Amino acid sequence: MRIPRTGRSADELLAEIGELRKGDIDWRHGRAFSLVYNADDPELDELLHTVGAMFLHENALNPFRYRTLLKMETEVIDMAVGLFGAGCGSMSSGGTESIFLAVQTARDHARSRGIERPQLVCADTAHPAFAKACHYLDVEMVRLGHGPDGRAVPERYAAAIGDRTAVLVASSPCYPFGVIDPVHDIAGLAAEHDVLCHVDACLGGWILPWWERLGQKVPPWDFRVPGVTSLSADIHKYGYTFKGASVVLYRDRDLLQRQVFMYDSWPGGLYASSSSAGTRSGAPIAGAWSAINHLGEEGYLRLTSRVLDATTRLRSGVTAIDGLRITFDPDLSLFEFGSDTVDMNAVCDAMDNRGWNLDRQQGGLHLMVSPGHDRVVDEFLGDLAAAAARHGEARGGGHVYGGVVI
Ligand SMILES: Cc1ncc(COP(=O)(O)O)c(C=O)c1O
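For clarity, every value in this text was computed on a predicted model and none was experimentally measured.

*Asks:* Help me understand the overall build of the chain, please; the structure alone is not making it clear to me.
*Replies:* If you tally the helices and strands in the chain, you get twelve helices and 13 strands. Taken against the 2.2 N^0.38 rule, which gives 22 Å for 406 residues, the C-alpha radius of gyration of the chain at 22 Å falls within 12% of a compact globule. Referenced to the eigenvectors of the C-alpha coordinate spread, the extents of the chain come out at roughly 65 × 60 × 45 Å. The proportion of buried residues among the 406 residues of the chain is 52%. Pairs at least 24 residues apart make up 72% of the contacts formed inside the chain by residues separated by at least 6 positions. As displayed, the chain has an accessible area near 19,500 Å², and 53% of this comes from carbon and sulfur atoms. Charge-centre separation for the chain: the mean point of 38 positive side chains lies 3 Å from the mean point of 52 negative side chains.

*Asks:* Help me understand the pairing of strand 5 (residues 196-200) in this model?
*Replies:* Look at any regular strand and the pattern is simple: side chains alternate between the two faces of the sheet. Burial analysis of strand 5 places five of its five residues in the buried class, which makes it a mostly covered element. Pairing of strand 4 (residues 165-171) with strand 5, which is carried by five bridges, proceeds in the parallel orientation. When the bridges of strand 5 are listed, V167 appears paired with L196. Of the crossover connections in this fold, the one passing from strand 4 over helix 7 (residues 183-192) to the parallel strand 5 is right-handed. Strand direction decides the pairing type here: strand 5 and strand 6 (residues 230-234), joined by three bridges, are parallel. Among the inter-strand pairings, H198 is bridged to a residue of strand 6, identified as S230. Traced from strand 5 through helix 8 (residues 208-213) to strand 6, the parallel crossover comes out right-handed.

Basis of the calculations
All residue numbers refer to positions counted from 1 along the written sequence of the respective chain. Only residues with pLDDT of at least 70 get local features here, since the model is predicted, and only at 80 or more are side-chain atom pairs given and counted; chain-wide, interface and lining totals rely on the full set of residues. Side-chain figures throughout are based on the complete set of non-hydrogen atoms in the structure, without hydrogens or water. We count a stretch as a helix when DSSP gives it H or I for four or more residues in a row; a strand needs E for two or more, and each element gets its number in order from the N terminus. For the radius of gyration, the atom set is restricted to C-alpha positions; the globular benchmark scales as 2.2 Å times the number of residues to the power 0.38. Buried residues are those whose accessible area, probed at 1.4 Å on protein chains only, stays under 20% of the maximum for their type, while exposed residues exceed 50% and partly exposed ones sit between those limits. Contact definition: two residues touch when any of their heavy atoms are within 4.5 Å. Here, Shrake-Rupley sampling with a 1.4 Å probe gives the accessible areas, and only protein chains in the shown set may cover a residue. Residues counted as positive are Lys and Arg, residues counted as negative are Asp and Glu, and His and the chain ends are not counted. All charge positions are set by atom: Lys at NZ, Arg at CZ, Asp at CG, Glu at CD. For two strands to count as paired, DSSP must find a minimum of two bridges between them. Here, the term right-handed applies to a crossover whose path from the first strand over the helix to the second runs clockwise when the strands point away from the viewer.

As structure tokens, then:
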């Protein structure tokens, strides 16, 4: 396809986009269970649209040119440092970039100790961003099976630690099953063997503090645990800002320093950056700052109690449907459910036909709960029960999480 010779009017393009979007997922009405974390808060939504437009063209590449962004970014990092008990950190564009930065930091930390080809040890439930980072950064990934409860198994980590180990990874929680790995034991092993420990709280970071304050049992998982050296937490997930905002945090500044890149041999002048991007849109920084300040602790607690209510009803409702079971007992607001008797692909097809968008995993279907889902729990469970009781042949959909190659 070639670019058009003559441009088209904004009205014409908006009309075309409007038509195209009719086929897109209706996440605003609770029909989607991943990709969008719907706060169902019109004031926040309007604020984010306004702030996003305001900072659309601003560039955070040189923070000293955009003082407002510098202030906002510094404050977002400070608030995250306080929330998780970290020492320092930086913002990034998302979970994958935060994980890349943590892996690069761990690699270079290991290399500084004379380890040529460092290893990263994780459970098979760790997000594929770790495999991707290891692939790009020439780190060897040692992938261990999960235990009978879906969690990483510390004994397997202990057996896997060797001369080339750079970092142990724990998920809080992992995406497929919503269970939190035994961070305390894994971080303890890391400390004992003098290696690093990264906690992937991309998904759980911005909801677990409130989940715990609402009385839910949450095992210690952040920098309160001795031995945890770095942590990733996405604000564009349960922090409820739009895409492009995460933090990667460290216990010590000398680890963060390894992430900073400085280059002074260029005619254009000194180039310095603390994440992998060069030009960075100002919008995600301003969005994250606005979402956090708009919601505050009270707002996060309010939204989390809606997530908790919807999760509790969904968990018991799914379990009550004949033939369905939740794969592993989740610690948070997401879980997989499957069946020994019902064809889950066919159930998913039937749910698709009713306008729901569930994710298909290897062992069943995946539910990720947002505040707005509390409005649709009954309708969803009614449709799911009907789909489980009466469905046709599966159309053969596969389990797909990420993007396709374009
Ligand atoms: C546990 C976990 N880690 C990392 C990521 C990657 O985050 P992103 O898609 O923002 O790169 C995700 C995404 O869902 C996740 O659930």
